[in-house]
Amino acid sequence: MTPLKMLEFYSGIGGMHYAATLADWDFEVVKAFDINNVANDIYKHNFGPKTVGQRQIEALTLEYYDKVAADIWTMSPPCQPYSRLGLQKGSQDARSRSFLHLLQVLEGMKNRPKYILVENVKGFEESDSRDLLVDSLNRCNYTFQEFLLTPLQLGIPNSRMRYYLLAKQKPLSFVQPPTNTILGFIPKSTHMSTEFIDNRTRTLDNEDALVALSAVQIGSVSRYLEPEATVNFDSHAIPDKTLLKHGHVFDIVKPSTHRSCCFTKGYYHYAEATGSILQMNEDLLTAETFDKAAEAKNKGNEQEALELLRSLRLRYFTPREVANLMGFPDTFTFPDSSTIKQRYRTLGNSINVRLVSELMSYLMKTPNKS
Ligand SMILES: C[S@@+](CC[C@H](N)C(=O)[O-])C[C@H]1O[C@@H](n2cnc3c(N)ncnc32)[C@H](O)[C@@H]1O
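Residues numbered from 1 in each chain as written. Predicted model: local features only at pLDDT ≥ 70, side-chain atom pairs only at ≥ 80, totals over all residues. Heavy atoms only, no water.

Draft legend 1. Structural detail: the overall build of the protein chain. Looking only at helices and strands, one finds 13 helices and 11 strands in the protein chain. Counting over 370 residues, the protein chain shows a buried share of 55%. Partitioning the contacts of the protein chain with sequence separation of at least 6, the portion at a separation of at least 24 is 72%. Carbon and sulfur atoms form 50% of the exposed surface of the protein chain, whose accessible area is close to 17,200 Å². (Helix = DSSP H or I, 4+ residues; strand = E, 2+ residues; numbered from the N terminus. Buried < 20%, exposed > 50% of the residue type's maximum accessible area, 1.4 Å probe, protein only. Contact = heavy atoms within 4.5 Å. Areas by Shrake-Rupley, 256 points an atom, 1.4 Å probe, with all protein chains shown as cover.)

Draft legend 2. The site of the ligand, seen in detail. Neighbouring residues of the ligand: 18 residues in total, closest Ile-13, Asp-34, Glu-58, Ser-76 and Ser-350. In this structure, a nitrogen atom belonging to the ligand sits 2.9 Å away from a side-chain N or O atom of Glu-58. When isolated, the ligand has an accessible area of 610 Å², and the protein chains bury 90% of it. Of the residues that constitute the shell around the ligand, the class distribution is 5 nonpolar, 10 polar and 3 charged. (Near = heavy atom within 4 Å. Polar contact = N/O pair within 3.5 Å; in protein donor to acceptor, adjacent residues only side chain to side chain. Nonpolar A, V, L, I, M, F, W, Y, C, P; charged D, E, K, R; others polar.)

Draft legend 3. The arrangement of the packing of helix α4 (residues 97-108) against helix α5 (residues 128-139) in detail. Between α4 and α5, whose axes approach to 10 Å, the crossing angle comes to 10°. Comparing the axis directions of α4 and α5 gives the class roughly parallel. Counted together, Phe-99, Leu-100, Leu-103, Leu-106 and Glu-107 of α4 and Ser-129, Leu-132, Leu-133, Ser-136, Leu-137 and Arg-139 of α5 form the full contact between these two elements. Considered class by class, the residues forming the contact of α4 with α5 number 7 nonpolar, 2 polar and 2 charged. (Axes fitted to C-alpha atoms, helices over the stretch in contact; angles between N-to-C directions. Parallel < 35°, antiparallel > 145°, perpendicular 65-115°, else oblique.)

Draft legend 4. Broad picture of the sheet that holds strand β10 (residues 277-279). Pairing in this open sheet of 3 strands is mixed, and the strands run β9-β10-β11 from one edge to the other. The sheet is open, and its two borders are formed by β9 (252-253) and β11 (314-316), each paired with just one other strand. Strand direction decides the pairing type here: β10 and β11, joined by 3 bridges, are antiparallel. Along β11, the bridge assignment pairs Leu-278 with Arg-315. (Pairing = 2+ DSSP bridges.)

Draft legend 5. The sheet that holds strand β8 (residues 182-183), seen in detail. As summarised here, the arrangement of the 8 strands in space is β3-β2-β1-β4-β5-β7-β6-β8, forming an open sheet in which the pairing is mixed. For this open sheet the edge positions go to β3 (52-53) and β8, each flanked by a neighbour on one side alone. Pairing geometry for strand β1 (residues 4-9) and strand β4 (residues 72-75), over 4 bridges, is parallel. Residue Met-6 lies in a different strand from β4, and its bridge partner there is Ile-72.

Draft legend 6. Examining the nonpolar core more closely. The biggest cluster of nonpolar side chains holds 74 residues, and the ones touching the most others in it are Trp-25, Phe-317, Phe-328, Phe-332, Leu-347 and Met-360. Top element by residues in this core is helix α13 (residues 353-364). It accounts for 8 residues. Split by domain, this core shows at least three residues from each of two domains, domain 1 (4-215 + 351-364) and domain 2 (221-348). Once you skip the residues sitting within four places of it in the chain, Phe-328 turns out to touch Ile-13, Gly-15, Tyr-18, Arg-320, Ala-323, Leu-347, Ser-350, Ile-351 and Val-353. Membership of the second largest hydrophobic core comes to 32 residues, among which are Met-75, Leu-102, Val-118 and Tyr-163. (Core = buried A, V, L, I, M, F, W, Y, C linked by side-chain atoms within 4.5 Å. Domains from an automatic or database assignment.)

Draft legend 7. Quick look at α5. The terminal C-alpha atoms of α5 lie 16 Å apart, and with 12 residues this matches the ideal 16 Å at 1.5 Å per residue to within 8%. Elements in contact with the buried residues of α5: α4, β5 (115-121), β6 (142-149) and β7 (162-169). Once α5 finishes, Asn-141 follows within two positions and takes phi at roughly 70°, a positive value. (Expected span 1.5 Å × (residues − 1).)

Draft legend 8. Here's a closer look at the pairing of β4. Of the two faces of β4, both are covered, the one formed by Ile-72 and Thr-74 as well as the one formed by Trp-73 and Met-75. In this structure, β4 lies alongside β5, joined through 4 bridges in parallel fashion. The residue of β5 that forms the bridge with Met-75 is Val-118.

Draft legend 9. Structural context of the packing of aromatic side chains. A full pass over the atoms with the stated rule returns 23 aromatic pairs. Here Phe-99 and Phe-124 contribute two aromatic rings whose centre-to-centre distance is 6.0 Å and whose plane-to-plane angle is 75°, an arrangement assigned as edge-to-face. Placement of Phe-99 in helix α4 and of Phe-124 in the loop between β5 and α5 is noted, with a sequence separation of 25 residues between them. Judged by relative accessible area, Phe-124 falls into the buried class, the value being 0%. Measuring from centroid to centroid gives 5.0 Å for Phe-124 and Tyr-163, while their planes differ by 45°, and the two rings are tilted. Of the two residues, Phe-124 sits in the loop between β5 and α5 while Tyr-163 sits in strand β7, which places them 39 residues apart along the sequence. By the burial criterion, Phe-124 is buried, and Tyr-163 matches it. These aromatic residues form a ring-pair network of at least three members: Tyr-18, Tyr-43, Phe-47, Phe-328, Phe-332 and Phe-334. The cationic tip of Lys-168 hangs over the ring face of Phe-174; the distance from NZ or CZ to the ring centre is 4.9 Å. Residue placement shows Arg-313 over the ring face of Phe-233; its charged tip is 4.1 Å from the ring centre. (Phe/Tyr/Trp six-rings, centres within 6.5 Å; stacked < 30°, edge-to-face > 60°. Lys NZ or Arg CZ within 6 Å of the ring centre and 35° of its normal.)

Below, the structure written as structure tokens:
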């Protein structure tokens, strides 16, 4: 059989490519499109220079897509138009133009993809872009299922609640008939709890409740860390100025902790809500130490405050550790030319490879060969 032809839109550092490999798909990426040259260099470094297309997706015509006649489209369009931290302008935001272009192309095509996978932030499901996507899929004769899922459900100690949509061109069908609701689990997944939880009723802050409901044991952060002796503590330590000024807003976890928060592209740049910080000194109580430091600072004793905070041995997760939590294989590496900021930024934009590979396996299952 000839491998399935895949077009990887918004390919970034190739999360979808890795996920398809992990899902054991028989596939070939015909083209991986992205406009970000840093991400493209990382993609090329890992997969070779040929597949990357440094192009604006909206610049490619219907004729091009029909000629390629790909079997699979994967898409993780920019999330800023839908993010709860943004203005949530949806389709009115210029950054959703390329996605709307793809929907238009899909409607006009003769050789439509058999399979489509869309990934975006939680919030996308309430946007007008999601409604336009669903309308296009209906007009183009697809069957589809939507999901809201987090890697915690696979036992990975990292939050990353995301929206996913899987679509198949009829008469292809899913193992479990689509529900017309947003599923909170992957049917038939042997790695995920199967009780039905309608995510529409849940908020992001309720992810802990989901973990409590899950039948899956969540591993500790330590499993995802590089050996301590190989990490240069000083180059990942939190600078003194940041410790004193912003230390109290960090989300701090220890190697023995069974959770960490979502790593975003702002990690390393902003202190709050961009990803967890590691406390390497497991013996000290975090809150108590911060209270003591605040007391010292209030008394004008900044040096004592700093020494107390330093004793926690706080450091950033290394890019490799973030990649581990996001399910990237050991073979994934960065080119030497990429800076640490670029590494965090591109990882923060990417996907959880293991979770997406579970979805990809489900996408290929058919009712008779499940
Ligand atoms: C959410 S990230 C996707 C990351 C990717 N899934 C990965 O594994 O790294 C969105 C990507 O879309 C790219 N992008 C945004 N607008 C684009 C456009 N009009 N044409 C091509 N790429 C675009 C950005 O450069 C960014 O890398």
